[in-house]
Amino acid sequence: MASIKQMITDREGDRALRRLASGDRSALGNIYDLYGRLILSVAYTIVENTADAEDVLQDTMIELARYASRYGSGSSPRAYILTITRHIAIDNLRRRKPQASLEEAGDRSSDDGLLEAVEVLDLLRTLSEEERQTVTLHLYGGLSHKEVAKTLGITTAAAEKKYRRALAKLRQQYEC
Amino acid sequence: MKKRNIIKTMQKLDSLSLPEKERILANCAAAAPQTTPEPRATPKTRRFSPRKIAVLAMAALLLVAGGVTVVAQEAKAYNEAIDFFEEYNLSAEGFTRSEVKKIYKDIITESFTYEKTEEALANSFEGYEIQAKPLDSEGLKRVWMVCRWLGAGGRTQMSEVDGYEYVVLEREDDTNGLQQLKDGAVQWSIYPEEINCSDIAPIGDKVAVCGRLPDDPEYTVRLALFNEDSTLAWVKQYSRPFGFGNVRYPLYCTDDTITVIERDFDHSMWILTLDLDGNIVEEERVYRSSGFADFEAVVRIGEDYLFDTGDKLLRQKGNQLEVLEQFGNDDWEYHFDGMVEFNGLVYLTGTRMPKHHNRSEGDAYDRFIEEHGKDGLTDEEVSQFYRENHTAMLMICDPETGEPKSFYTVPGASGGKLTVGGGRLNWEVDRYTEIESIYSESYYLSSGNLAKISADQWQYVFSLYGQIVGEKDTGRSTVFEN
């Protein structure tokens, strides 16, 4: 179950992925329109800077184009795309030298939009990597706990537990 | 900080500038479509069960024999019918001799049109009334197929061994332990330093545990074996060769092997078989023709594995994953959340709901939105929609073919977990009590939920033979958002 808007988006996404799988390359543009911002934002919460997030966005689109046949019709297109996004973003993190701290990411921000987005990183900074992704994928990405669990490769119960714990941490942090 | 404020902050991600589509997609044009080399897909097949052939052959023989010497054979036919009733645990009480024979004939010819047949089968499945609709001829046939299967006997894979049950304990600091119970009483609890328990499976008088420690390298997994008295027999660490691997539902034990199942990033899984000393003795990779090779639960059937993927049953055939059964139709889809094998039958728990990936026009969601408008839904309307359209399902499937043989339904509810213990199967069901609609402002903040559902948790208890032997309100309530 999901919001009506999400259902409509995902229905279109399902159609676009199936068209892409059948060889219709124009469907990639539709996927970008439907999920581009979501991919960028989820990637940003992992790689913590816009340049790398854009790289992840591009690599995700390339991966979708290259392996479109892997998508199983009727699956959740959102979960499918965000699973790929997460893996690419984590690979991006591993490849680069440890340099971009949350503070540095904030310092590099130069426009109002980025300043607002950095607030999200500030919010998430006390969470572990998996807790952060659980909150992002559920509260922003719109994935159910079950889909979050699949994306992270953990059990649904563990995903729910991490999510609850993350919320508790955030509540504690901002109420003290 | 309230959840609403957290969501509002997360929403600020929408302010990131989305790069130009043309620039991002420019490089995609060069990305040629690729497919992972994989084995030739096997067409969906249904094996004709030898048992079914045997029963039909027996029916044919009996019909021929009965036609030749009707009068002389009356007593013999009646005795055969009674033997048949006894073999399959059916009650002949309250039926005349003639009715018993007619029921017998109605069943073995698989016609299921005689009015007394339903009564006879209902006497064996007294809990069947929780079904949403009365049994028709097809329904009766399914009930009979369960009786027949059970009469033939079957393997038992219990989550407890010799009365001992093992559970994973979870602490707030993310360390997981292990607990042994006997007849529901705690025997011991441990939080071992050598492994953070994630998944467990009893094996003989020991218990196998899969997990990791926080500082372990990412692509590694630990496996340990604990003795009945909680002492550690051994613990080993394994490196896995693939990049995006995840251990999902890792353990399945037989008398002398431990199996760890891992999901690869693409549409394949690895099935590792280890001996009781933790040495890998076999490593298999199995493929699915499309979609992730992901799964909710797994049971072992003979030499192969059966996987529940949420809406399909997959069976390992050599190095391929074959779709045995896909649930749902143009109007409905099924979301299965768990699967266990219990006394030779496969039980799936889940929820049936309207299909929203339907390509045909005017499915239930469309009609719902059209009738009420996207922004004008009241809690009552949402409640009514959920109650009318969500049904908890317990599907009982043939482990050989994946074919559903019988099912139980609870309207206005969703199916919860299945547990096995004390020779009983427990099915938890969340029966909806109150539903509140929730909205989000952001288009992309799609977790702005449609509904916050409050539910009472009920538990239905089934015998070894699939009969309902009890139901109770657990007194627990749950609230979940969707």
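## Let's talk about the overall build of chain A
Scanning chain A from N- to C-terminus turns up nine helices and zero strands. Each helix and strand of chain A, ordered N terminal to C terminal, gives the series α-α-α-α-α-α-α-α-α. For chain A, buried positions account for 64% of its 176 residues. Across chain A, the fraction of contacts at a sequence separation of at least 24, relative to all contacts at a separation of at least 6, is 66%. Carbon and sulfur atoms make up 49% of the accessible area of chain A, which totals about 6,400 Å².

## Quick word on the overall build of chain B
Across its full length, chain B carries nine helices and 25 strands. Surface summary for chain B: the accessible area is close to 22,400 Å², and the carbon and sulfur share equals 48%.

## Details of unusual backbone geometry
Even without being a glycine, A:Glu48 presents a positive backbone phi close to 65°. Here A:Glu48 is to be found in the loop between α2 (27-47) and α3 (50-66). In the Ramachandran plot, B:Ser230 falls in the positive-phi region, its phi being about 85° despite a non-glycine side chain. Its place among the elements puts B:Ser230 in the loop between β7 (220-226) and β8 (232-239).

## Side note on the sheet that holds strand β5 (residues 196-203) of chain B
Residues and elements named next belong to chain B. What the four strands build is an open sheet, ordered β5-β6-β7-β8; its pairing is antiparallel. The sheet is open, and its two edges are formed by β5 and β8, each paired on a single side. Direction aside, neighbouring strands of the sheet carry axes that sit 20° apart on average. Pairing of β7 with β8, which is carried by seven bridges, proceeds in the antiparallel orientation. The residue of β8 that forms the bridge with Val-221 is Tyr-238.

## Some details on the confidence of the model for chain A
Residue and element names in this part refer to chain A. On average, chain A scores 79 in pLDDT, and the residues at 70 or more come to 82%. Looking over chain A, one finds the lowest element-wise mean pLDDT in helix α5 (residues 102-108), namely 40, and the highest in α2, namely 91. Counting interchain partners and residues more than four positions distant, the pLDDT-below-50 stretch residues 97-110 has 19 contacts.

## Points about helix α4 (residues 77-95) of chain A
With 19 residues, α4(A) should cover 27 Å at 1.5 Å per step; its first-to-last C-alpha distance of 27 Å lies within 8% of that length. A large share of α4(A) lies buried, amounting to 15 of its 19 residues.

## Examining the environment of A:Ala117
Mapped onto the elements, A:Ala117 comes out in helix α6 (residues 112-124). A:Ala117 sits 68 residues away from A:Asn49 along the chain, and the two C-alpha atoms are 9.8 Å apart. Excluding residues that lie within four positions of it along the chain, A:Ala117 makes contacts with A:Tyr44, B:Lys12, B:Ser15 and B:Leu16.

## Quick look at the nonpolar core
In terms of nonpolar packing, the biggest core is built from 64 residues, with A:Leu28, A:Ile31, A:Met61, A:Leu64 and B:Met10 touching the most fellow members. In contact with B:Met10, other than residues within four places in its own chain, are A:Val120, A:Leu123, A:Leu124, A:Val135, A:Thr136 and A:Tyr140. Core analysis: the next-biggest nonpolar cluster, separate from the first, contains 18 residues, B:Leu345, B:Tyr347, B:Val429 and B:Phe462 among them.

## Some words on the environment of B:Glu194
Residue and element names in this part refer to chain B. Relative to the helices and strands, Glu-194 is located in the loop between β4 (185-190) and β5. Separated by 17 residues in sequence, Glu-194 and Gly-211 have C-alpha atoms that sit 9.6 Å apart. Apart from residues no more than four positions distant in its own chain, Glu-194 is found in contact with Leu-213, Arg-222, Leu-232 and Val-235.

## Some points on the pattern of salt bridges
A complete count under the given rule lists twelve salt bridges over all chains for this structure. Put simply, B:Lys21 and A:Asp33 hold a salt bridge, and the shortest N to O gap is 3.0 Å. Of this pair, B:Lys21 sits in helix α2 (residues 21-26) while A:Asp33 sits in helix α2, on two different chains. Assessed through its relative accessible area of 42%, A:Asp33 is described here as partly exposed. Where B:Arg23 meets A:Glu54, a salt bridge forms, and the shortest distance between an N and an O atom there is 3.0 Å. Linking B:Arg23 in helix α2 with A:Glu54 in helix α3, this pair reaches from one chain into another. Note on B:Arg23: relative accessible area 46%, which makes it partly exposed.

## Regarding the pairing of strand β20 (residues 391-397) of chain B
All names here are of chain B. Here β20 lies mainly inside the structure; seven of its seven residues are buried. Burial of the side chains of β20 extends over both faces: Thr-391, Met-393, Met-395 and Cys-397 are buried on one face and Ala-392, Leu-394 and Ile-396 on the other. Direction of pairing for strand β19 (residues 345-354) relative to β20: antiparallel, over a ladder of seven bridges. Following the sheet pairing, Arg-352 is matched in β20 by Thr-391.

## Regarding the packing of aromatic side chains
A ring pair, where both rings are aromatic, is described by two values, the distance of the centres and the angle of the planes. Residue and element names in this part refer to chain B. The final tally for this structure, using the stated rule, is three aromatic pairs over all chains. Ring geometry for Phe-342 and Tyr-347: centres 6.1 Å apart, planes at 55°, overall tilted. Looking at Phe-342, the relative accessible area reads 0%, which means it is buried. Measuring from ring centre to ring centre gives 5.8 Å for Trp-427 and Tyr-460, while their planes differ by 40°; the resulting arrangement is tilted. With Trp-427 in strand β23 (residues 424-436) and Tyr-460 in strand β24 (residues 452-462), the pair connects residues that are 33 residues apart, well separated along the chain. One Lys or Arg, Arg-97, reaches over the ring of Tyr-78 and ends 4.1 Å from the middle of that ring. Positioned above the aromatic ring of Trp-458, the side-chain terminus of Arg-431 is 3.8 Å from the ring centre.

## Some words on the packing of α2(A) against α3(A)
Residues and elements named next belong to chain A. Where α2 meets α3, the closest approach of the two axes is 8 Å, and the angle between their N-to-C directions is 135°. By the angle class used here, α2 and α3 are oblique. Two packed elements cross with a definite hand, and for α2 against α3 that hand is right-handed. Listed contacts from α3 to Leu-28, Ile-31, Tyr-32, Gly-36, Ile-39, Leu-40, Ala-43, Tyr-44 and Val-47 of α2 are Thr-50, Asp-52, Ala-53, Glu-54, Val-56, Leu-57, Thr-60, Met-61, Leu-64 and Ala-65. A breakdown of the residues in the contact of α2 with α3 according to their chemical character gives 14 nonpolar, three polar and two charged.

## A look at the confidence of the model for chain B
Residue and element names in this part refer to chain B. Mean pLDDT over chain B stands at 68; residues scoring 70 or higher make up 58%. Mean pLDDT per element in chain B: helix α7 (residues 137-151) is the minimum at 42, and β8 is the maximum at 91. Note that residues 242-250 has pLDDT below 50 and, in this model, 44 contacts with residues that lie over four places away or in other chains. Low confidence marks residues 439-449, where pLDDT is under 50. Its contacts with residues over four positions away, or in another chain, come to 40 contacts.

## A closer look at α2(A)
A:Tyr35 marks the point of greatest bend in α2(A), at about 60°. Of the residues one or two after α2(A), A:Glu48 is the one with positive phi, at around 65°.

What counts as what
Residues numbered from 1 in each chain as written. Chains lettered and ligands numbered in written order. Predicted model: local features only at pLDDT ≥ 70, side-chain atom pairs only at ≥ 80, totals over all residues. Heavy atoms only, no water. Helix = DSSP H or I, 4+ residues; strand = E, 2+ residues; numbered from the N terminus. Buried < 20%, exposed > 50% of the residue type's maximum accessible area, 1.4 Å probe, protein only. Contact = heavy atoms within 4.5 Å. Areas by Shrake-Rupley, 256 points an atom, 1.4 Å probe, with all protein chains shown as cover. Pairing = 2+ DSSP bridges. Axes fitted to C-alpha atoms, helices over the stretch in contact; angles between N-to-C directions. pLDDT = per-residue confidence, 0-100. Expected span 1.5 Å × (residues − 1). Core = buried A, V, L, I, M, F, W, Y, C linked by side-chain atoms within 4.5 Å. Salt bridge = Lys/Arg side-chain N within 4 Å of Asp/Glu carboxyl O. Phe/Tyr/Trp six-rings, centres within 6.5 Å; stacked < 30°, edge-to-face > 60°. Lys NZ or Arg CZ within 6 Å of the ring centre and 35° of its normal. Parallel < 35°, antiparallel > 145°, perpendicular 65-115°, else oblique. Left-handed = near helix turned anticlockwise from the far one by under 90°. Nonpolar A, V, L, I, M, F, W, Y, C, P; charged D, E, K, R; others polar. Bend = angle between axes of the 7 residues up to and from the residue.

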